[in-house]
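# A closer look at the structure
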Amino acid sequence: MLIERLADEHHPDTNYTDIFLLSYRYLISPATFIDKLTIRYNVVPPPNPTQEQLEYFNKYESVIKVRVLGVLKKWIDQYWTDFETNSRVFEKLLSFLDELEREKDVSLANLGKRLRKIISEKQKQSKILLAYTGLPIFFLFFSSSFLLLLFFFFFFLSSFFLC
């Protein structure tokens, strides 16, 4: 029920999504969460649906899928360390994206490609941060502007001491 609300087809609630992503670890593990998101993405019509149920499903299936991808994007953007520090969750994410890129709907497949680009950028940021500062990955909890400031601060300090 909680996961369904994240990708509700009628009433997207960004506040709920933000609060859920901040606190879900008290309820379920990141691995379980990505499994639940995958299940929600792969929504199926009820068994032996009536014509009305089938019409409803056909009308809202793509809406649900796009909302799940929106939640996933926000999760990647704001809580990258959930993936970076847990190889099992990262592998599940990549597996989901592999499946997404084989999607018949080209727009959904393209969203999967965009998510891959975001992941690639997050990985680059992590490597740069670690290479230039020697700081552990948990610093990625901070905003990108803070990380940029931190990067320049350490760069300035290192150049100051090397002169």
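Above this text is the structure in question.
Rules and cut-offs
- Along each chain, numbering runs from 1 in the same order as the chain's sequence is written.
- It should be noted that, the model being predicted, local features are given only for residues of pLDDT at least 70 and side-chain atom pairs only at 80 or more, the latter also being counted only at that level, while totals for whole chains, interfaces and linings use all residues.
- Neither water nor hydrogens contribute to the side-chain values; these are computed over all heavy atoms in the structure.
- One speaks of a salt bridge when a side-chain nitrogen belonging to Lys or Arg is within 4 Å of a carboxyl oxygen belonging to Asp or Glu.
- Residues grouped as a nonpolar core are buried Ala, Val, Leu, Ile, Met, Phe, Trp, Tyr and Cys residues, joined through side-chain atoms within 4.5 Å.
- Partly exposed describes any residue whose relative accessible area lies between the buried limit of under 20% and the exposed limit of over 50%, with all areas from a 1.4 Å probe on protein chains only and scaled to the type maximum.
- For helices the rule is a DSSP run of H or I covering at least 4 residues; for strands it is a run of E covering at least 2, with both sets numbered from the N terminus onward.
- The criterion used for residue contact is that any of the two residues' heavy atoms lie within 4.5 Å.
- Helices are assigned an expected span. That span is 1.5 Å times one less than the residue count.
- The arc in question is traced by the directions running from the helix axis to the C-beta atoms.
- Here a polar contact is recorded for every N or O atom pair within 3.5 Å, except that within protein the pair must consist of a potential hydrogen donor and a potential acceptor, and residues adjacent in sequence are included only if both atoms are side-chain atoms.

Once that is clear, we can look at the pattern of salt bridges. All told, the structure shown has 11 salt bridges when counted by the stated rule. In the salt-bridge network here, residues are joined through shared partners; they are Glu-61, Lys-65 and Glu-103.

All right, on to the nonpolar core then. In this structure, Phe-33, Leu-72, Trp-75, Ile-76, Phe-83 and Leu-93 are the most contacted members of the largest nonpolar core, which totals 34 residues. Elements with a minimum of two residues in this core: α1 (2–6), α2 (14–23), α3 (30–41), α4 (51–78), α6 (87–101) and α7 (106–133). It is α4 that provides the largest number of residues to this core, a total of 8 residues. Residues within four places of Leu-72 in sequence aside, it is in contact with Leu-37, Phe-83, Leu-93, Phe-96 and Leu-115.

With that out of the way, let us pick up α6. Taking 1.5 Å per residue, 15 residues should reach 21 Å; α6 reaches 21 Å between its end C-alpha atoms and fits that length. The set of residues buried in α6 consists of Val-89, Phe-90, Leu-93, Phe-96, Leu-97 and Leu-100. Taken around the axis of α6, the buried residues stretch over an arc of 120°, which confines them to a single face. Turned more than 90 degrees away from the buried face of α6 sit Ser-87, Arg-88 and Glu-91, all of them exposed. Capping of α6 at its N-terminal end is provided by Asn-86; its side-chain oxygen lies 3.2 Å from the backbone amide nitrogen of Arg-88.

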